[in-house]
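Tertiary structure, described
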Amino acid sequence: KAGVTQTPRYLIKTRGQQVTLSCSPISGHRSVSWYQQTPGQGLQFLFEYFSETQRNKGNFPGRFSGRQFSNSRSEMNVSTLELGDSALYLCASSLSASYNEQFFGPGTRLTVL
Amino acid sequence: QKEVEQNSGPLSVPEGAIASLNCTYSDRGSQSFFWYRQYSGKSPELIMFIYSNGDKEDGRFTAQLNKASQYVSLLIRDSQPSDSATYLCAVKTAKDGNNRLAFGKGNQVVVIP
């Protein structure tokens, strides 16, 4: 069974630009969660989608948004990038929305210059 | 108060010894607790989860939960060099109305051959 895939793996952007990250969950998994990981703050929850609906949201500004498609693939968008948005963005998928067995993708390393 | 705290600095243990990691959490209503392992440059992977007070064993790993003290621990018996990684404690919380996983910042473990 293929694991969680994320594209692109690396991204360099400049301040003010926007970026879209993609996540394909494990086949059959309907829940996709997004996280931001930085050395200072650790792993922080962004949002969770289940059956195309955002079910839960973390404490991030509205510049961070996401969506989920009918095939469970998910995208995350960050608009008006700031230097502080430089981080590893991880998505995780699970069968249900309970987070009990989440499988993480390899992540997208975003650098904002 | 932080949602999930892992206060210990890097832990160095000789090969074959027991590594002990601790984690405290603030949401008294939390019911599900997880330990993830993250190798350098890789994404987190689930080691085990625990819901009930007491111990749960899985191979060389034992998770211990004490809800009254809001305390979770992970023991790694017969530590191997391959156990060298950062261990993340995660707690499922709905404290602010959003059901999500809150992560600690992690404890680095170095197993010395």
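Only a predicted model underlies this, so the values are computations on that prediction, with no experimental measurement involved.

Looking now at empty space enclosed by the protein. All names here are of chain B. All chains considered together, the criterion is met by one cavity of 30 Å³ or more. In this structure, the largest cavity encloses a volume near 30 Å³. Lining the largest cavity, in full, are E3, V4, S26, D27, S30, V91, T93, K95 and A102. Residue classes in the lining of the largest cavity are distributed as three nonpolar, three polar and three charged.

This next bit is on the pattern of salt bridges. This model, assessed by the stated rule, comprises eight salt bridges over all chains. Close ionic contact of E75(A) with R67(A) constitutes a salt bridge, the shortest N to O distance being 3.2 Å. On the basis of relative accessible area, R67(A) is assigned to the partly exposed category, the value being 47%. Between E57(B) and R77(B) there is a salt bridge; the shortest N-O distance is 3.5 Å. Of this pair, E57(B) sits in strand β6 (residues 54–58) while R77(B) sits in the loop between β8 (71–76) and β9 (85–93); the two residues are 20 residues apart in sequence, bridging distant segments of the chain.

Bringing the side chain of T108(A) into the picture now. All names here are of chain A. Along the chain, T108 falls in strand β11 (residues 108–112). Overall, the relative accessible area of 0% leaves T108 in the buried class. Separated by 2.5 Å, the side chain of T108 and the backbone oxygen of P8 make a polar contact. Excluding residues that lie within four positions of it along the chain, T108 makes contacts with Q6, T7, P8, R9, L21, A87, L88 and Y89.

Basis of the calculations
Residues numbered from 1 in each chain as written. Chains lettered and ligands numbered in written order. Predicted model: local features only at pLDDT ≥ 70, side-chain atom pairs only at ≥ 80, totals over all residues. Heavy atoms only, no water. 1 Å grid on protein atoms, 1.4 Å probe; cavity = no way out; pocket = protein on both sides within 12 Å on 5 of 7 lines; lining within 4 Å. Points joined across faces, edges and corners; volume = space filled by probe spheres on them. Nonpolar A, V, L, I, M, F, W, Y, C, P; charged D, E, K, R; others polar. Salt bridge = Lys/Arg side-chain N within 4 Å of Asp/Glu carboxyl O. Buried < 20%, exposed > 50% of the residue type's maximum accessible area, 1.4 Å probe, protein only. Helix = DSSP H or I, 4+ residues; strand = E, 2+ residues; numbered from the N terminus. Polar contact = N/O pair within 3.5 Å; in protein donor to acceptor, adjacent residues only side chain to side chain. Contact = heavy atoms within 4.5 Å.

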